[in-house]
Every structure is written in C-alpha cells, then in structure tokens.
Amino acid sequence: MKPQPITYRPYQIDTLNAVWDCIEDGFTRIIFLLPTGTGKTVAFAGLTKTLLDADKRVLCLAHRREILIQMQDAITKICYLRGNEIGTEMAEERAPIRARVVCGSVQTMARAKRYIGEFDCIITDECHHAVALNKSYQSIYDRYGVISGTCLHIGCTATAKRADKRSLYALGTDREPVMLKSNSGEVVPADTSQSAFQVLAYEMTMVEALDHGWLVPIIAQRVYTDTDLSNVKVVHGDFAQKELSKAVNNAERTNAIIAAWKESDGPNRPTLAFFADVY
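For the structure given in this document, a descriptive report is provided here. None of the values given here were measured: they were computed from a predicted structure.

Rules used throughout
Residues numbered from 1 in each chain as written. Predicted model: local features only at pLDDT ≥ 70, side-chain atom pairs only at ≥ 80, totals over all residues. Heavy atoms only, no water. Pairing = 2+ DSSP bridges. Helix = DSSP H or I, 4+ residues; strand = E, 2+ residues; numbered from the N terminus. Axes fitted to C-alpha atoms, helices over the stretch in contact; angles between N-to-C directions. Contact = heavy atoms within 4.5 Å. Buried < 20%, exposed > 50% of the residue type's maximum accessible area, 1.4 Å probe, protein only. Polar contact = N/O pair within 3.5 Å; in protein donor to acceptor, adjacent residues only side chain to side chain. Phe/Tyr/Trp six-rings, centres within 6.5 Å; stacked < 30°, edge-to-face > 60°. Core = buried A, V, L, I, M, F, W, Y, C linked by side-chain atoms within 4.5 Å. Parallel < 35°, antiparallel > 145°, perpendicular 65-115°, else oblique. Left-handed = near helix turned anticlockwise from the far one by under 90°. Nonpolar A, V, L, I, M, F, W, Y, C, P; charged D, E, K, R; others polar.

### Some thoughts on the sheet that holds strand E3 (residues 86-89)
Pairing within the open sheet is parallel, and its 8 strands lie in the order E3-E4-E2-E5-E6-E1-E10-E7. The sheet terminates laterally at E3 and strand E7 (169-171), the two strands that pair on one side only. Strand after strand, the sheet turns through a mean of 30° between neighbouring axes, direction not considered. Here helix H2 (residues 40-53) sits on the sheet and contacts strand E1 (29-33), strand E2 (58-62), strand E4 (101-105), strand E5 (121-125) and strand E6 (152-157); the angle it forms with E5, its principal contact strand, is near 175°. Those strands touched by helix H5 (residues 136-144) are E2, E5 and E6, and its axis lies near 165° from that of E5.

### Quick look at the environment of asparagine 268
For asparagine 268, the position within the fold is in the segment after helix H8 (251-263). Residue asparagine 268 is classed as exposed on the basis of its relative accessible area of 62%. In this structure the C-alpha to C-alpha distance between asparagine 268 and isoleucine 258, which are 10 residues apart in sequence, comes to 13 Å. A polar side-chain atom of asparagine 268 sits 2.6 Å from a polar atom in the side chain of aspartate 265.

### Details of the packing of aromatic side chains
Under the counting rule described, the total for this entry stands at 3 aromatic pairs. Summarising the aromatic geometry, the rings of tyrosine 11 and tryptophan 214 are spaced 5.2 Å apart at their centres and angled 75° between planes, so their arrangement reads as edge-to-face. In this pair, tyrosine 11 sits in helix H1 (residues 10-24) while tryptophan 214 sits in the loop between helix H6 (206-211) and strand E11 (234-235), placing the two residues 203 residues apart along the sequence. Judged by relative accessible area, tyrosine 11 falls into the buried class, the value being 3%.

### Points about the nonpolar core
Ranked by size, the top nonpolar core spans 42 residues in total, and within it Phe32, Met71, Ile75 and Ile154 carry the most contacts. With sequence-adjacent residues up to four places away left out, phenylalanine 32 is seen in contact with Thr15, Val19, Lys40, Ala43, Phe44, Leu47, Ile154, Gly155, Cys156, Thr157, Leu200 and Tyr202.

### Notes on the side chain of serine 105
Mapped onto the fold, serine 105 is located in strand E4. Judged by its relative accessible area of 5%, serine 105 falls in the buried class. When near neighbours in sequence (up to four residues on either side) are disregarded, serine 105 contacts Leu61, Ala62, Leu68, Glu89 and Met90.

### Considering the packing of H1 against H2
In contact at an axis separation of 10 Å, H1 and H2 are set at 45° when each is read in the N-to-C sense. Considering the angle they form, H1 stands oblique to H2. The way H1 lies across H2 gives a crossing that is right-handed. Taken together, the residues of H2 that come into contact with H1 (itself represented by Gln12, Thr15, Leu16, Val19 and Trp20) are Val42, Ala43, Gly46, Leu47, Thr50 and Leu51. Of the residues that constitute the contact of H1 with H2, the class distribution is 7 nonpolar, 4 polar and no charged.

Written as structure tokens, this is what we have:
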C-alpha cells in the first residue's frame, strides 16, 4: 500500500516554519515547545523529513526506550524510510552504518565506542534533560560538533522550566534576551554561550492548546493519602525514581486511587495512568 502523506495541524506547520526561519538566520541551537498531547512527535518527525530533503544526516536522541520506539515509528512513516535508511542505537542494538537517521539512546550514544560517523543535525526529544548536571548529553554534543557549532541542534519539549532554575534558551520567539536572576539577585540577560539553546523558535502553551480545542479540558480530582515524600531524594530537580516508587507503590494508596477512579465513572471512560515506575 502506498504511504499516505501526513496532514499537519496548523501549529505543527508553524513550528516547522519557525524552526527553519531560525536555521536560515544562522542559529545552530534551536528549541521549540509544545504541550504533551499535541503531537510533538509528529513535528519532530516533520523536521527530520525537512532535513533529509536537504540531504542532511540526522541523529535523534531520547533518554527512554519507549520514546525511541515511538520516535522511530513516526519518522519511518512520515519520512518514507526503508530498510537500512533508519536504525536504532541502543544497548546491544546497532544502527546500519549508512543509516540516514539514527535513533539513539542518550546512555548508549554517550559511550565513546558508539561513535558511528558524522551527523549534520541532532534532534533531542525531552530536551529539558539536556542541561542536566550529568555529562552524558554534553559529551554527545561535544563529540558531534554541537558545541563548536558545526552540527545543528534542535530540541523539543513540553517542559521548558527546570527546578534547578537553569535556562534552556537565551532568546525568546521575539529574539529578545530572556532575563534571569543571577546568584547575587541581579536581573541579567541570558548568555547564548551559556544556554543549551540559543533561541526559542516556537511555543504553544497548554492554555492555548485548551482554548483552541487541541486538548480536552482538565478536570482535577484530588485523592488524599498518608504517603510521605519527605525522605525521597531529589536528583537534578526530580525525585529519585526507585525511592519514589518505594514510597508511593503501596496497597493502601493504590486502592484509594482505584476507588476514586471508580467513583468518577472511570470504568466507563478511556483511562491513561502514569506511574512512578515500570510495572
């Protein structure tokens, strides 16, 4: 069956155009922000197609297996790739040496022995992790030329703000500097040389997505339990996963949540559940 061309939503088209405008203006580290549920992966894959059409070789980075699988599926379909044109570099999996697109896990690609040729562009999903204090991301960017500016870097995320207050980008969509508070309390413009990304190409907020009908309105119901998180360590602004799982994964809390779900007519609704760990 002949593959059908993808139909982009208006804001996805705006995202692609905005990123390309930044590239044409000479920026080499570019970020765009889309809320969860608005098709960030489709925009991600659409950018990959644009780069492939310009005869670029692309490395797509993610930090979790499920994201890599979703990423590769979307890129394969939208870019009409076959066989050795795309591959995964993760743990024992190896991408074809001549792959035009490599979907690589951060943990694997950070190893020096996994060097698999040159790339013209790196696209990082969930790129708010790119300024993490660990050196995995930075070693990849340094190896392939992001730091020196010879390799284009595009990041996408739904989470622009980090608990550690570090800046993801230095210039906003209006190309004006982002103002940050220094350690001394002084408000100063962000430095493009110190930010993971030079410029924010495009942003759609969750409120905008809700207002335009791209997301279903949120109705919140709070369930009270005796769960104590005071002893759970915080690493790079996030709870340590194993400790968090140990604290929240107990029968009393789980049963309380299930009961509240049932009272809210949950069994008659499509349901998506997020957990602290893999079950």
